[in-house]
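# Geometric and topological summary
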Amino acid sequence: MKNFTSFADVGDYKALLQQALAIKANPYGYQHIGKNKTVGLIFFNPSLRTRLSSIKAAYNLGAQAWVLNAGADAWTLEMADGAVMNGGTQEHIKEAIAVMSQYCDVLGVRTFPTLQNKAEDYEEVVFNKILQYATVPVISLESATLHPLQSFADLITVAEARKKERVKVVLTWAPHVRALPQCVPNSFADWFSEVDWVDFVITHPAGYELDEKFTKGARVEYDQHQALEGADFVQAKNWSSYRHYGQVLQNDPSWMLTPAHLAGTNDAQFLHCLPVRRNVEVSDAVLDSPNSLVIQEAANRVFSMQTVLHELLK
Amino acid sequence: MKNFTSFADVGDYKALLQQALAIKANPYGYQHIGKNKTVGLIFFNPSLRTRLSSIKAAYNLGAQAWVLNAGADAWTLEMADGAVMNGGTQEHIKEAIAVMSQYCDVLGVRTFPTLQNKAEDYEEVVFNKILQYATVPVISLESATLHPLQSFADLITVAEARKKERVKVVLTWAPHVRALPQCVPNSFADWFSEVDWVDFVITHPAGYELDEKFTKGARVEYDQHQALEGADFVQAKNWSSYRHYGQVLQNDPSWMLTPAHLAGTNDAQFLHCLPVRRNVEVSDAVLDSPNSLVIQEAANRVFSMQTVLHELLK
Amino acid sequence: MKNFTSFADVGDYKALLQQALAIKANPYGYQHIGKNKTVGLIFFNPSLRTRLSSIKAAYNLGAQAWVLNAGADAWTLEMADGAVMNGGTQEHIKEAIAVMSQYCDVLGVRTFPTLQNKAEDYEEVVFNKILQYATVPVISLESATLHPLQSFADLITVAEARKKERVKVVLTWAPHVRALPQCVPNSFADWFSEVDWVDFVITHPAGYELDEKFTKGARVEYDQHQALEGADFVQAKNWSSYRHYGQVLQNDPSWMLTPAHLAGTNDAQFLHCLPVRRNVEVSDAVLDSPNSLVIQEAANRVFSMQTVLHELLK
């Protein structure tokens, strides 16, 4: 693995999952890998889970971490090649990323979509420039279209919690009050459509179809009730429209997940990447039930990151 | 000790004080306790001493620390149970604290009072929710009503600096330009009213009486001159009114501590938790005299935190 | 070396340079020096290179680092002795620096010039107060007039890259869109005018003369073309006027460095401290040529800092 930006970077996902479970069982047993290594973490927008789980993952591995809040440092990057930099941008991304590569052994970067310029977002223009100029391995801490550390943590969680060999996993759209990126559902589909012991189903209102590049022919069922039938795991998440890019087409509150929605499932366990808008996306009763895995899922963010760091630094 | 939020959590304060002095004498001698441990530090408002002394304490103990500035990350918490989160709050404190508990072995949290809603502040509504949802030990880095790490550092300082077995310690109100919380004086009273080798006296203008829950029957003397007579230690601090909650009733400059005020003391040594408004709370001559312990007191913040971390992690 | 604020603090610069090259060759070989040590880093304004290279330098040396963003913590310092602090300032620099000295073993501080009050800036009023009140060694991370860690990194870079014993080094003024401090050129002159294997020349438009305290009689050549003739190394940098303090007198674009400007040099290698305004200060063709040393120069910021930390902590 050279960089970690999507499922395709992983190669053998079963081996990576086994490595994650081994690291979780013995989190401080791999510190020879991180000794004298520095993990650089660059955030272009706020973060709680990704920031703290990445720092913890570096520590567990015996490495050090630094965090740069690109925004808060009032440090504006020029992205255009050949630009005459006589305006507001203070440093070209070419130097910025090359220089930061000098100060760490692996670079984690979080960028974000415009939700306005579909082509720019889906071509990952910013993230690809980072990959182009970095001279150390790069980890996506969430890009314009994907959030692979989250999906890997979800996979670890489902693997740990499943009660039978083959399981049905449903990704269901949920209402929200804002227009959110498609990163988490794209990435969830990118990973779970590939797992050979998972029957994967996506359900959402019409108009919220995800990019087929990520759904890879997964079954899409517009009837939420039917989709959830017999599910072993349900991941709820809001996203804005990909087709009508960045728009909130409708926000039907009947899609909010409640115990009634889960009645036809196989006593489904519940996933959400957090943060969650309680009683908007999901009801308290679902979040607070013993079947909720959301805290375990967040805890596994440490081990997805630690495993990726282990692969890139070993 | 399960958490560290007030004097009552301590149990045997004499043993804790002995432990602090032992740690101060050999600050790097306890690193087996902190090995592979992570100290999470969450600040809901700015901090200098608490932030840096806590980081240093973690390092001394062989542990790692991370800091989260809750405000700067533009990450707004919902506090109400059962809330329909369709407004400005992005994450419920229930998930936020449970998740952060996954990323550290002990959690230090600084909250602050509203200074408007007395019941909410004195019931420690926010801090108690943190205690409720945390799954690791919690240290108060200052709450709405108390600042126990400061008081413990003050106790270490007085224990180190006293020239006789039994000492008189006076807490005197001081003028200021803003309405400040009662945390530091509440906590100072909470601790020093319990120390069996201290004669503890509080002095302030009428109307600035502290909550009797913390003063525990300590002598209150409204005549500052009389209160200071024979004092071995004087701690000056401003606070706003508890009775007329959060108000500045008056700001009599004659309460500013000067060498003249200390004339009747037993060559008293001077304490202040800092930051101090020079020549408003206390005159330069007091702060710059050889009897001022303020820097030693700030240095002892490392050892109060390190001792508490040692107790909670051992 | 007691503090590190200018070339004069160094003493034997040849020995320091040798130490830097030895440390770069074996960056983790000196960790006994940093064991249990804490490096405090205080920024009064934003920073990328200095912040991250200083953290990396501390880690390499086996030490820990903390960073305080003085501004972001909304923590305003009183500088005036004897002030009655009844206004906006919350803490006197006397306590702030003395207290921070308790929480680290060496203190790095970045201040900045007013660019309005020449006397205050060139007397380093703020930095000298920090030196006065600190009780641990202090490293300038850039002050009002100097940036010695940058100049030391430049010296390491030139020493590594030179192809012959004696080299000509030219500092050339470059256009910019804002009024910048004189710190980097002052400091470059402060160091390179002293190196006995360097022929040092400064070139700039009339009116941009630097303080002779730093140029120390170095050759100043107003004709850029003539200055660059036969140069082995060229450092480009914008600065505002020292004589007409803080002003942009003119911004002649013909001073922007292009391959044509370098035609008469001895195949000169190119230096810039970064960030650089591409196609304003320097053209893409110069920055992207194989003769550009800017990334190596930025990488050497780790080793200039690590060497200084090594000297101050050993």
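Residues numbered from 1 in each chain as written. Chains lettered and ligands numbered in written order. Predicted model: local features only at pLDDT ≥ 70, side-chain atom pairs only at ≥ 80, totals over all residues. Heavy atoms only, no water.

## A look at unusual backbone geometry
For clarity, the threshold we go by: Put simply, DSSP marks the helices as runs of H or I at least four residues long and the strands as runs of E at least two long, and each gets a number from the N terminus on.
P275(B) follows L274(B) through a cis peptide bond whose omega is 0°. Mapped onto the elements, P275(B) comes out in the loop between strand 11 (269–271) and helix 11 (284–287). A positive phi is found at L115(A), a non-glycine position, where the angle reads about 60°. Turning to its location among the elements, L115(A) is positioned in the loop between strand 5 (106–110) and helix 5 (118–122).

## Quick word on the packing of aromatic side chains
To be explicit about the condition: Under the pairing criterion, centres of Phe, Tyr and Trp rings, with the six-membered ring standing for Trp, must be within 6.5 Å; the plane angle then separates stacked pairs below 30 degrees from edge-to-face pairs above 60, leaving the rest tilted. With a 1.4 Å probe rolled over the protein chains alone, any residue whose accessible area is under 20% of its type maximum counts as buried; one over 50% counts as exposed, and the rest are partly exposed.
Counted under the stated rule, the structure contains 36 aromatic pairs over all chains. An angle of 80° between the planes, with centres 5.9 Å apart, marks the rings of Y122(A) and Y245(A) as edge-to-face. With Y122(A) in helix 5 and Y245(A) in the loop between strand 10 (233–237) and strand 11 (269–271), the pair connects residues that are 123 residues apart, well separated along the chain. Y245(A) matches Y122(A) in its accessibility class, with the two residues each being buried. With a centroid separation of 4.2 Å and 20° between ring planes, the pair formed by F188(C) and F192(C) is classed as stacked. With F188(C) and F192(C) both in helix 8 (residues 183–192), this residue pair falls four residues apart, about one helical turn.

## Examining the relation of the copies chain C and chain B
The two chain copies are connected by a rotation around an axis plus a translation along it. Let me state the cut-off plainly: The least-squares superposition of copies is restricted to C-alpha atoms, and to residues with a pLDDT of at least 70 in both copies. Residue contacts are defined here by distance: any two heavy atoms, one from each residue, within 4.5 Å place the two residues in contact.
The two copies are related by a screw motion: chain C maps onto chain B through a turn of 120° and a shift of 0.0 Å along the axis, at an RMSD of 0.0 Å. This pairing of chains is accounted for by a three-fold axis. Comparing interface residues between copies, only 4% of those in chain C also sit at the interface in chain B, which points to a heterologous contact through distinct surfaces.

## Re the relation of the copies chain A and chain B
For these two chains of identical sequence, chain A goes onto chain B by a turn of 120° and a shift of 0.0 Å along the axis, with RMSD 0.0 Å. Little of the interface of chain A is mirrored in chain B, where only 3% of its interface residues again form contacts.

## What to know about the sheet that holds strand 7 (residues 167–173) of chain C
Strands belonging to one sheet form pairs held by backbone hydrogen bonds; the direction of such a pair is parallel or antiparallel. Residues and elements named next belong to chain C. Threshold: Any two strands with at least two DSSP bridges between them are considered paired.
Pairing within the open sheet is parallel, and its five strands lie in the order 9-8-7-10-11. Edge positions in the open sheet fall to strand 9 (219–220) and strand 11 (269–271), since each of these has one partner strand only. Looking at chain direction, strand 7 and strand 8 (residues 198–203) are connected through six bridges and run parallel. Looking at strand 8, one finds that V170 is bridged to V201.

## Points about the packing of helix 1 (residues 13–25) of chain B against helix 7 (residues 148–161) of chain B
All names here are of chain B. Selection criterion: Fitted lines through C-alpha atoms give the axes, limited to the stretch in contact for helices. The angle between two N-to-C directions lies from 0 to 180 degrees. Between 65 and 115 degrees an angle is taken as roughly perpendicular, under 35 as roughly parallel, over 145 as roughly antiparallel, and anywhere else as oblique. In this classification, Asp, Glu, Lys and Arg are treated as charged, Ala, Val, Leu, Ile, Met, Phe, Trp, Tyr, Cys and Pro as nonpolar, and every other residue, Gly included, as polar.
One can describe the packing of helix 1 onto helix 7 by two numbers: an axis separation of 10 Å at closest approach and a directional angle of 75°. For the element pair helix 1 / helix 7, the angle class is roughly perpendicular. Of the residues in helix 7, those touching helix 1 at Y13, L16, L17, A20, L21 and K24 are F152, L155, I156, A159 and E160. Across the contact of helix 1 with helix 7, the residue classes break down as nine nonpolar, no polar and two charged.

## Structural notes on the pattern of salt bridges
Heads up, the condition is: A pairing counts as a salt bridge when a side-chain nitrogen of Lys or Arg comes within 4 Å of a carboxyl oxygen of Asp or Glu.
Throughout the structure, instances matching the rule amount to 51 salt bridges over all chains. In this structure, E160(A) and K24(A) form a salt bridge, with 2.7 Å as the shortest nitrogen-oxygen distance. Taken together, the positions of E160(A) in helix 7 (residues 148–161) and K24(A) in helix 1 (residues 13–25) put the pair 136 residues apart, joining distant regions of the chain. Among the salt bridges present, the one from D288(B) reaches K94(C), with a minimum N-O distance of 3.0 Å. With D288(B) in the loop between helix 11 and helix 12 (294–313) and K94(C) in helix 4 (residues 93–102), the pair connects residues from two separate chains. Classification of D288(B) as partly exposed rests on a relative accessible area of 38%.

## Quick notes on the UniProt feature "binding site: N(2)-succinyl-L-ornithine" (unreviewed entry) in chain A
All names here are of chain A. Short version of the rule: UniProt positions are given in the numbering used here, feature names are shortened, and annotations may be inferred rather than shown by experiment. By the criterion applied in these results, polar contacts are pairs of N or O atoms within 3.5 Å in which, for protein atoms, one can donate a hydrogen and the other can accept it, and in which residues neighboring in sequence qualify only through two side-chain atoms.
This chain's UniProt record puts "binding site: N(2)-succinyl-L-ornithine" (unreviewed entry) on E142, H176, K237 and R277. In this structure H176 comes out as buried when scored by relative accessible area, which is 7%. Other than its neighbours up to four places away in sequence, H176 contacts N238, N251, R277, V280 and E281. A distance of 3.1 Å separates the side chain of H176 from the backbone nitrogen of R178, its partner in a polar contact. Structurally, the position occupied by K237 is in strand 10. Beyond its immediate stretch of four places on either side in the chain, K237 contacts L171, T172, W173, A174, L180, V184, P185, H272, C273 and E281.

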